[in-house]
Amino acid sequence: MRDVNENAQDILHLHYVVEPDNFAAAGEASSNVKRILKHIGVSPDVIRKVAIAMYEGEINMVIHARGGDIDVDVSPEMIRMVLRDQGPGIPDVEKAMQEGYSTAPDSVRDLGFGAGMGLPNMKNYTDTMQIDTEVGVGTTLTMTVNIPA
Amino acid sequence: MKLSEISEILNARQMTDEDLASIDVRTACGSDMMSDVLAAGVKKDVLLTGLVNPQVVKTADMLDVSCVVFVRDKKPDGALINLAKERDIVVLCTSEKMFEACGKLYSAGLKPAKEG
C-alpha cells in the first residue's frame with residue numbers, strides 16, 4: 001500500500017492507494033501520514049491540519065470517486081498532498097466549496113459524513129488548495145500546508 | 001479534570017484498559033456528525049457521540065482526542081474497541097442521552113473546544 005522514498009533533497013515521499021467502497025478502511029492513509037509526521041518531529045498544529053485535510057479528502061474519494069491514489073511530499077518547508085481519482089468529477093466547484101452543500105447520499109450521512117463540509121474544511125486547514133476536475137474523467141486535488149520556520 | 005471523574009459523572013463503562021485517573025482532560029465536543037467535529041479542528045480532549053462506526057475513532061485520532069464517549073447506550077463492537085486501543089484512545093459507554101451527558105460534564109467544569 002505504501003512506498004517510502006527518501007532522497008538527497010530532504011524530501012520524504014509517501015504514496016497510498018485508496019480502495020473504492022471500503023468505508024471501514026477509509027482514513028488509513030491519513031492516519032499513517034499522521035504517525036510518520038509525528039515520528040519525524042513535525043509540530044502538532046501542522047500535523048492536525050494535514051491529518052484533517054487529508055482525511056476529508058480520503059473520505060471523499062471513497063464516497064464519491066471509487067477510490068484513487070494519494071502522494072504526500074514532506075520537505076522542511078511544507079507538506080504537499082496530491083489526491084487523484086478517476087471519479088465522476090465535480091460539475092460545479094464553486095457550489096461544492098459552499099459550506100453545507102452536499103451530493104452525498106443519506107447512507108453516507110448515516111455514517112457521520114456528507115454534511116457538505118469536506119472541501120470547505122480542506123481549504124480552511126491548508127495554506128493552498130487547487131482543484132483540477134473534469135466531469136466524467138476525475139479530480140486532482142493539490143493541497144499544501146506550510147511548516148513554520 | 002481527570003477522565004476518572006468523567007466516567008463517574010456519566011456512570012460510564014470503560015471499554016479500554018487505561019488508568020483513567022492518570023489522564024487529564026480540559027475540553028470536549030458532542031456531535032453525531034464527524035464532518036462537523038472535523039470542521040472545528042481545534043484540539044479537543046473528549047468527543048461525545050451517538051454514532052458508532054470506525055470513522056468515529058479515526059476522526060478522534062486525527063484531532064488528538066484522548067477519549068470517545070458513546071452516549072445513549074450505544075455498543076461499539078470489538079473491532080472498534082481494538083482500533084481505539086491501537087490508537088491510544090479511551091472508550092467509555094454511558095446510557096445518558098447526549099444533552100444530559102454534555103450538560104453534566106459542562107456543569108462539572110469541562111470546557112467547549114474553541115479556537116485560540
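All values derive from a computational prediction rather than experimental measurement. Sequence order as written defines the numbering, with residues in each chain counted from 1. Here every chain gets a letter starting at A, and every ligand a number starting at 1, in the order they are written. In keeping with the predicted nature of the model, local features appear solely for residues at pLDDT of at least 70, side-chain atom pairs appear and are counted solely at 80 or more, and the whole-chain, interface and lining totals rest on all residues.

**Student:** An account of the overall build of chain A is needed here, citing residue identities and associated values.
**Tutor:** Each helix is a run of H or I in the DSSP string that is no shorter than four residues. Each strand is a run of E no shorter than two, and both are numbered from the N terminus. Tallying secondary structure elements over chain A gives 5 helices and 6 strands in all. For chain A, the N- to C-terminal ordering of α and β elements is β-β-α-α-β-β-α-α-α-β-β. Along the longest, intermediate and shortest principal axes, the C-alpha atoms of chain A span 45 × 30 × 30 Å. The burial criterion counts other C-beta atoms lying within 10 Å of a residue's C-beta, which is placed from the backbone; the residue is buried at 20 or more, exposed at 12 or fewer, and partly exposed between these limits. When burial is assessed residue by residue, chain A has 38% of its 149 residues classed as buried.

**Student:** Explain the overall build of chain B residue by residue, including any values.
**Tutor:** Across its full length, chain B carries 5 helices and 6 strands. Reading the helices (α) and strands (β) of chain B from amino to carboxyl end gives α-β-β-α-β-α-β-α-β-α-β. Only C-alpha atoms enter the radius of gyration; for comparison, a globular chain is expected to reach 2.2 Å times N to the power 0.38, where N is the number of residues. Computed over C-alpha atoms, the radius of gyration of chain B comes to 12 Å, within 12% of the 13 Å expected from 2.2 N^0.38 for 116 residues, which places it in the range of a compact globule. Projected onto its principal axes, the C-alpha coordinates of chain B cover approximately 35 × 30 × 25 Å. Within chain B, the fraction of its 116 residues that count as buried is 47%. Once C-beta atoms have been placed from the backbone, residue pairs whose C-beta atoms lie within 7 Å are recorded as contacts. Considering only contacts within chain B whose residues lie at least 6 apart along the sequence, 53% involve residues at least 24 apart.

**Student:** Please set out the interface of chain A and chain B residue by residue, giving values where relevant.
**Tutor:** When the parts of a complex come together, some accessible area is lost, and that lost area is often used as the size of the interface. Contact with chain A, which involves 21 residues of that partner, is made by 18 residues of chain B. Counting only elements with at least two residues in the side of chain A that touches chain B, the list comes to α1 (28-39), α2 (44-64) and α5 (118-124) of chain A. Residues are grouped as follows: Ala, Val, Leu, Ile, Met, Phe, Trp, Tyr, Cys and Pro are nonpolar; Asp, Glu, Lys and Arg are charged; every other residue, Gly included, is polar. Broken down by class, the residue content of the side of chain A that touches chain B amounts to 11 nonpolar, 7 polar and 3 charged.

**Student:** Any details on the pairing of strand β6 (residues 138-146) of chain A? Residues and values, ideally.
**Tutor:** Residue and element names in this part refer to chain A. Burial along β6 is one-sided: Thr 139, Leu 141, Met 143 and Val 145 are buried, while Gly 138, Thr 140, Thr 142, Thr 144 and Asn 146, pointing the other way, are not. Bridging between strand β4 (residues 78-85) and β6 involves 8 bridges; their strand directions are antiparallel. Residue Arg 84 lies in a different strand from β6, and its bridge partner there is Thr 140. Whether two strands pair comes down to DSSP finding at least two bridges between them. Taken together, the 7 bridges between strand β5 (residues 128-134) and β6 define a ladder with antiparallel strand orientation. Residue pairing in the sheet places Ile 131 in a bridge with Leu 141 of β6. In this structure, the hairpin formed by β5 and β6 is closed by a connection of 3 residues, where Gly 136 is found at a positive phi of approximately 85°.

**Student:** Which residues make up the confidence of the model for chain B, and what values do they have?
**Tutor:** Residue-level confidence of the predictor is summarised by pLDDT, bounded by 0 at the bottom and 100 at the top. Residues with a pLDDT of 70 or more make up 97% of chain B, whose mean pLDDT is 94. Per the prediction output, this complex has pTM 0.89; the corresponding ipTM is 0.85.

**Student:** Describe the nonpolar core, listing the residues and the values that go with them.
**Tutor:** Counting residues in hydrophobic clusters, the biggest one holds 75 residues, and the most contacted among them are Val 50 of chain A together with Val 46, Cys 67, Val 68, Val 69 and Ile 89 of chain B. Looking at this core, the element that brings in the most residues is α2 of chain A, giving 11 residues. Discounting residues that sit within four places of it in the chain, Val 50 of chain A has contacts with Val 33, Leu 37, Ile 79 and Val 145 of chain A. By definition, a nonpolar core groups buried Ala, Val, Leu, Ile, Met, Phe, Trp, Tyr and Cys residues that are joined through C-beta atoms within 7 Å.

**Student:** Just give me the short version of the sheet that holds strand β4 (residues 67-70) of chain B, but keep the residues and values in it.
**Tutor:** Residues and elements named next belong to chain B. In space, the 6 strands of this open sheet follow the order β1-β5-β4-β3-β2-β6, with mixed pairing throughout. With partners counted over all chains shown, the strands left at the sheet margins are β1 (13-14) and β6 (111-112), one partner each. By the bridge criterion, 4 bridges tie β4 to strand β5 (residues 90-93) in an arrangement that is parallel. Counterpart to Val 69 in the pairing with β5 is Leu 92.

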